[in-house]
Every structure is written in structure tokens, then in C-alpha cells.
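Inside the fold
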Amino acid sequence: MVFNILSSSCPLLLSSIGALFSEFAGVLALFLEGLICLGGFLSYSFTVMTGNLAAGIILSCLCCCILCCLFSFLVEKFKAHVFIAGIAINLLFAFLTSFLSVQFFGTRGVLTSEVFANQILKFKNMNVWLVVITALMICGGILFIAFTKQGLNLRVTGYNSEVLRAKGGKPEFYRCLSWGAAGVYGCIAGSMLVMKISSFVPNISSGRGWMALAAVYLGKKKGWKISIAVLVFAAADYFATHVQNVWPAVPSSVLLALPYFVMLLLILVDKKD
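Heads up: these notes are all about the structure in this document. Predicted, not measured: the structure shown is a model, and the values here were computed from it.

As a rule of thumb, soluble globular proteins bury nonpolar side chains together. Counting residues in hydrophobic clusters, the biggest one holds 72 residues, and the most contacted among them are Phe-31, Phe-93 and Trp-179. Here the element with the most residues in this core is helix H8 (residues 171-197); it accounts for 12 residues. In contact with Trp-179, not counting residues within four places along its chain, are Ser-22, Val-27, Ala-29, Phe-31, Cys-68, Phe-71, Ser-72, Val-75, Val-82 and Ile-89.

So, in C-alpha cells, the structure goes:
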């Protein structure tokens, strides 16, 4: 059971670390919800096109990273309001996912493919690898933020960008870097979601992008606290998925809302403290 909870928490953990990068830079990635869906779709699409899962994930990460950096550049160039821009980009990502699905596959619905399913079947002990990859990416991200010069500059950018500028640094670069990192982490989170079900489903993120932002808030920008918040949510989600096997009379609508209710309760308790 514990391993199943860890495995199910991987996409949200990665999304939360991606959000953490942008939060430190002072440009919170409000587009994560749409990005996860787009990343999952692109991973599925590139895998079907190339016949190789690794190539599909790498190409999708590259596309998402470039898109996020491009939008960051445009926000900086035109001095757009970063939070309004983030919401607009989120809507754009959702539109792109739907539009490309129609263009490539002729439908906005569920996408399945023998090519993709066969690639997943070749991925032995998938859940173990997902946990290992997630752990490595989380450790790598936290170590980068905490112990490298670039990580320090990233944090200074969000705290006081003029200090960094006075020292010869470029806050614009680090804000762009943070969105690029969020793009990679969010894309891999989306890739994991499609890998788990061997298909792409519209709105596959199911609120994980917003939950990632809430986890950063709950964790107070501390990696280990963020991980705990995510694991609590994942445990609630696992309980909601399996509780009907024990108590079949519990309404499914209540179970679907349970993980989000738990996260809302944590936010309220944290606010009270």
C-alpha cells in the first residue's frame, strides 16, 4: 500500500518541484494545470510517431521547455502582468492540447494506440522506475536550488531582483530558467500520467497543477514539507479509490471530492496556525 501511494504521488511531486522553481523566482507557474495535459499529450503523440517511449518523453520535454521559455521571454519583453499571463498561458496550453488532438488524431476524446501500449509493456517494473526517477529529479532540483550559485541567484531573483542586477546578474534569465524548469517537471508529470493508464485522456491532470501550487504554499517553499503535503494528498486519493471495496455504500461523488477536501482542510489549518 505504501509503495502504491508513493507511485501515485509521483506526478504531483514533480509538478510541485516545478512550481517551487517558479515560486523562488517570483513568477509562480500558474500554467501548470494546462502544461501537464499538454506534456502528457505530446509524450503520447511523439511516442506513437517515433515508436519509442524515451524519444517521445524527451521530445515532449524539449517542446514544453521551449514553449515556457518563449512565453517567459515575451512576458519580460512586453512587461506583462505575470499572474494574468500565467492564467492566459494555462488556457492556451489547454487549447493547444485539444487543437493538436483533432489535427493529429481526429478527436478530442480518449486516445489509445497499440504502439503506445506496447511501449509501456516493454517498460518493466514501471512503478519502481517512476518512483526512482521522481526521487532523483526531486533531489536534483532541491540540490540545485539550495547549493549552487545559479540556485542562489534564482532565489535572490524572487526576493530582490535589483540586488542580483546590481551584482551583474540578469533576473530575466533566472525567471526564464524557472519557467523552463517548470516546463520540464510538469511535462514529465504528464508523461507519467499517460504511462500509468497506457493512453491519453482529456484533462488528465485532474487538478494536479493547482494542487502543486497549493503544496508549495503549504510547504512554505521547503522541499521536504512540500513532499509531506503531496503524500498526504496521495494517501487520501488512494483511500478514496479503494474505500468502496470495504464500504460500497459510500457515494462515489464523496470519494472523488475527498482528496481535494483533505488539501483544503490542510490549507485552512495552516492558515489558522
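Still more ground to cover, so stick around.
We now examine the state of the cysteines. A full pass over the atoms with the stated rule returns 0 disulfides. You can see Cys-69 has no disulfide; the closest cysteine sulfur is in Cys-176, sitting 3.8 Å from it. Judged by its relative accessible area of 22%, Cys-69 falls in the partly exposed class. Free cysteine Cys-139: the closest other cysteine sulfur is in Cys-10, separated by 12 Å.

All right, on to helix H3 (residues 53-78) then. Taking 1.5 Å of rise per residue, the 26 residues of H3 would be expected to cover 38 Å, and the 38 Å separating its terminal C-alpha atoms lies within 8% of that figure. Among all positions in H3, only Leu-53, Gly-56, Ile-57, Ser-60, Cys-61, Cys-64, Cys-68, Phe-71, Ser-72 and Val-75 are buried. Buried residues along H3 sit against helix H2 (32-50), helix H4 (82-105), helix H5 (114-122) and H8. If you check the start of H3, you find a side-chain oxygen 3.0 Å away from the backbone N of Ala-54, and it comes from Asn-52. Lys-79 sits one or two positions beyond H3 and adopts a positive phi of about 55°.

What follows deals with the pattern of salt bridges. Scanning the model with the defined rule gives 3 salt bridges in all. Its salt-bridge partner being Glu-162, residue Arg-165 comes within 3.7 Å of it at the nearest N-O pair. Placement of both Arg-165 and Glu-162 in helix H7 (residues 149-166) is noted, with a separation of 3 residues, approximately one turn of the helix. For Glu-162, a relative accessible area of 49% puts it in the partly exposed group. As a salt-bridge pair, Arg-165 and Glu-172 come within 3.0 Å of each other at their nearest N and O atoms. Owing to a relative accessible area of 29%, Glu-172 belongs among the partly exposed residues under this scheme.

Phi at Ser-198 takes a positive value of approximately 55°, unusual for a residue other than glycine. Assignment of secondary structure puts Ser-198 in the loop between H8 and helix H9 (208-218). The phi dihedral of Lys-220 is positive, around 50°, even though this residue is not glycine. With respect to the helices, strands and loops of the structure, Lys-220 is situated in the loop between H9 and helix H10 (223-242). For Lys-220, a relative accessible area of 48% translates into the label partly exposed.

It is worth spelling out the packing of aromatic side chains at this point. For the structure on display, the rule yields 13 aromatic pairs. For the pair Phe-31 and Trp-179, a centre-to-centre distance of 4.9 Å together with 80° between the ring planes defines the contact as edge-to-face. Taken together, the residues Phe-31 in the loop between helix H1 (2-24) and H2 and Trp-179 in helix H8 connect sequence positions 148 residues apart. By relative accessible area, Phe-31 is classed as buried at 0%. Residues Phe-95 and Phe-99 carry aromatic rings whose centres are separated by 5.7 Å and whose planes lie at 20° to one another, so their mutual orientation is stacked. On the criterion of helical spacing, the pair formed by Phe-95 and Phe-99 is a turn pair, its members being 4 residues apart in helix H4. By relative accessible area, which is 38% here, Phe-99 ends up partly exposed. Ring pairing ties together the aromatic residues Phe-41, Tyr-44, Phe-104, Phe-105, Phe-116 and Phe-200, which thus form one cluster.

This part is about the environment of Ser-113. With respect to the helices, strands and loops of the structure, Ser-113 is situated in the loop between H4 and H5. When the C-alpha positions of Ser-113 and Val-184 are compared, they lie 24 Å apart, and in sequence the two are 71 residues distant. Setting aside chain neighbours within four positions, we find Ser-113 in contact with Tyr-44 and Val-48. Looking at Ser-113, its side chain comes within polar contact range of the main-chain nitrogen of Val-115, at 3.2 Å.

Our next topic: a nonpolar patch on the surface. A cluster of nonpolar side chains, contributed by Val-2, Phe-3, Leu-6, Val-128, Trp-129, Val-132, Ile-133 and Leu-136, occupies part of the molecular surface with about 700 Å² of accessible area. In terms of residue count, helix H6 (residues 126-147) provides more of the nonpolar patch than any other element does, 5 residues in total. Relative to the helices and strands, Phe-3 resides in helix H1. Relative accessible area serves as the criterion here: at 36%, Phe-3 is assigned to the partly exposed category.

Thresholds, definitions, all that
- The residue numbers shown here count from 1 along each chain, following its written sequence.
- A pLDDT threshold of at least 70 governs which residues receive local features in this predicted model, and a stricter bar of 80 or more applies before side-chain atom pairs are shown or counted, although totals over entire chains, interfaces and linings include all residues.
- Note that the side-chain values use all heavy atoms of the structure and ignore hydrogens as well as water.
- The criterion is simple. A nonpolar core is a set of buried Ala, Val, Leu, Ile, Met, Phe, Trp, Tyr and Cys residues joined through side-chain atoms within 4.5 Å.
- Three labels apply to residues, based on accessible area from a 1.4 Å probe with only protein chains included: buried if under 20% of the type maximum, exposed if over 50%, partly exposed otherwise in between.
- For the purposes of this entry, the term helix denotes a DSSP run of H or I that reaches at least four residues, the term strand denotes a run of E that reaches at least two, and both are numbered from the N terminus.
- Residue contacts follow a heavy-atom distance rule, with two residues in contact if any of their heavy atoms lie within 4.5 Å.
- In this description, the term disulfide denotes a pair of cysteine sulfurs within 2.5 Å.
- What a helix should span is 1.5 Å times the count of its residues minus one.
- Here a polar contact means two N or O atoms within 3.5 Å. Within protein one must be a hydrogen donor candidate and the other an acceptor candidate, and residues neighboring in sequence count only if both atoms are side-chain atoms.
- Throughout this description, the term salt bridge denotes a Lys or Arg side-chain nitrogen within 4 Å of a carboxyl oxygen of Asp or Glu.
- By convention, a stacked pair of Phe, Tyr or Trp rings (six-membered ring in the case of Trp) has centres within 6.5 Å and planes under 30 degrees apart, an edge-to-face pair has planes over 60 apart, and any other such pair is tilted.
- Patch definition: residues above 30% relative accessible area lacking any salt bridge, with like charges linked at up to 9 Å and the nonpolar side chains Val, Leu, Ile, Met, Phe, Trp and Tyr linked at up to 5 Å.
- Surface exposure here means Shrake-Rupley accessible area, sampled with a 1.4 Å probe, where a residue is shielded only by the protein chains that are shown.

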